[in-house]
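# A closer look at the structure
So you can see what is in the structure, the chains are spelled out below.
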Amino acid sequence: MKNILFLIILIPQFYFSQIKSISFAELEAQQKVNPKPIIIHIYTQWCSICKIEAFSLNKDKVLVKTINANFHFINLEAEKMKEKIIFQGKEFNYLPNGNSGIHELVLALSKNKNQPVYPLWIILDENQNLSYYHEGRFRAENLKEKLSELIPEKSP
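Counting from 1, residues in each chain are numbered in the order their sequence is written. It should be noted that, the model being predicted, local features are given only for residues of pLDDT at least 70 and side-chain atom pairs only at 80 or more, the latter also being counted only at that level, while totals for whole chains, interfaces and linings use all residues. With hydrogens and water set aside, each side-chain value is computed from the structure's full complement of heavy atoms.

### Details of the side chain of aspartate 60
Here aspartate 60 shows up in the loop between α3 (48-59) and α4 (61-70). For the purposes of these results, a polar contact is taken to be a pair of N or O atoms within 3.5 Å, where, inside protein, one atom must be able to donate a hydrogen and its partner to accept one; residues adjacent in sequence count only when each atom of the pair is a side-chain atom. Side-chain polar atoms of aspartate 60 contact the backbone nitrogen of leucine 63, separated by 2.9 Å. When sequence neighbours within four positions are dropped, the list of residues in contact with aspartate 60 reads Ala140, Glu141 and Lys144. Under the scheme used here, helices are H or I runs from DSSP no shorter than 4 residues and strands are E runs no shorter than 2 residues, and both carry numbers assigned from the N terminus. Throughout, a residue-residue contact means that at least one pair of heavy atoms, one from each residue, lies within 4.5 Å.

Structure, rendered in structure tokens:
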């Protein structure tokens, strides 16, 4: 009984404190209705740093609230996303390589074209111009600081 009560209390906290992610397919429509800066988070399933980072970022309720309120957030799994993506008027496809592969968009966004670094953070302004580029783990405090610099000022 204690375990059930614990789960009933705990599950909503995890559910409600998640960063809300959209797809590239949804981005264009979302930008027309509610233009915001865009965060593209590129990761892989095998990356242990990516898993640690995702857990710690989703745990920070202030960060989650900041991202959900002020940004469109896209999670892109670099080696598993096989669907065609149209982004900034260009078409990007999955590039198979034996048993694995990589999405062309990852290569287009990465400064390291031969061996992208994961996790990779691309932050674009409302007009899809690069505002910030970050390779490797982004700690919650550092990400909050950077995002606070990028949140557009609301006019009174």
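### Topic: the pattern of salt bridges
The term salt bridge refers to a pairing of a side-chain nitrogen on Lys or Arg with a carboxyl oxygen on Asp or Glu at a separation within 4 Å. Overall, the coordinates contain five salt bridges when judged by the stated rule. Between glutamate 28 and lysine 32 there is a salt bridge, and its shortest N-O distance comes to 3.7 Å. Of the two residues, glutamate 28 and lysine 32 are both situated in helix α2 (residues 24-33); the distance of four residues between them amounts to about one turn of the helix. For the pair formed by glutamate 28 and lysine 32, the shared burial category is exposed. Under the scheme applied here, a residue whose accessible area is under 20% of the maximum for its type counts as buried, over 50% as exposed, and between as partly exposed, the area being computed with a 1.4 Å probe on protein chains only.

### Some words on the sheet that holds strand β2 (residues 72-77)
Read from one edge of the open sheet, four strands run β2-β1-β7-β8, paired in mixed fashion. Pairing within the sheet leaves two strands with one partner each, and these edge strands are β2 and β8 (130-135). Geometrically, the sheet is characterised by an average inter-axis angle of 15° between neighbouring strands, direction not taken into account. Axis angles are defined between N-to-C directions and span 0 to 180 degrees, where every axis is a line fitted to C-alpha atoms and, for a helix, only to the segment in contact. Relative to β2, α2 is tilted by about 165°, and along the sheet it contacts β1 (38-43) and β2. Should DSSP find at least two bridges between two strands, the strands are regarded as paired.

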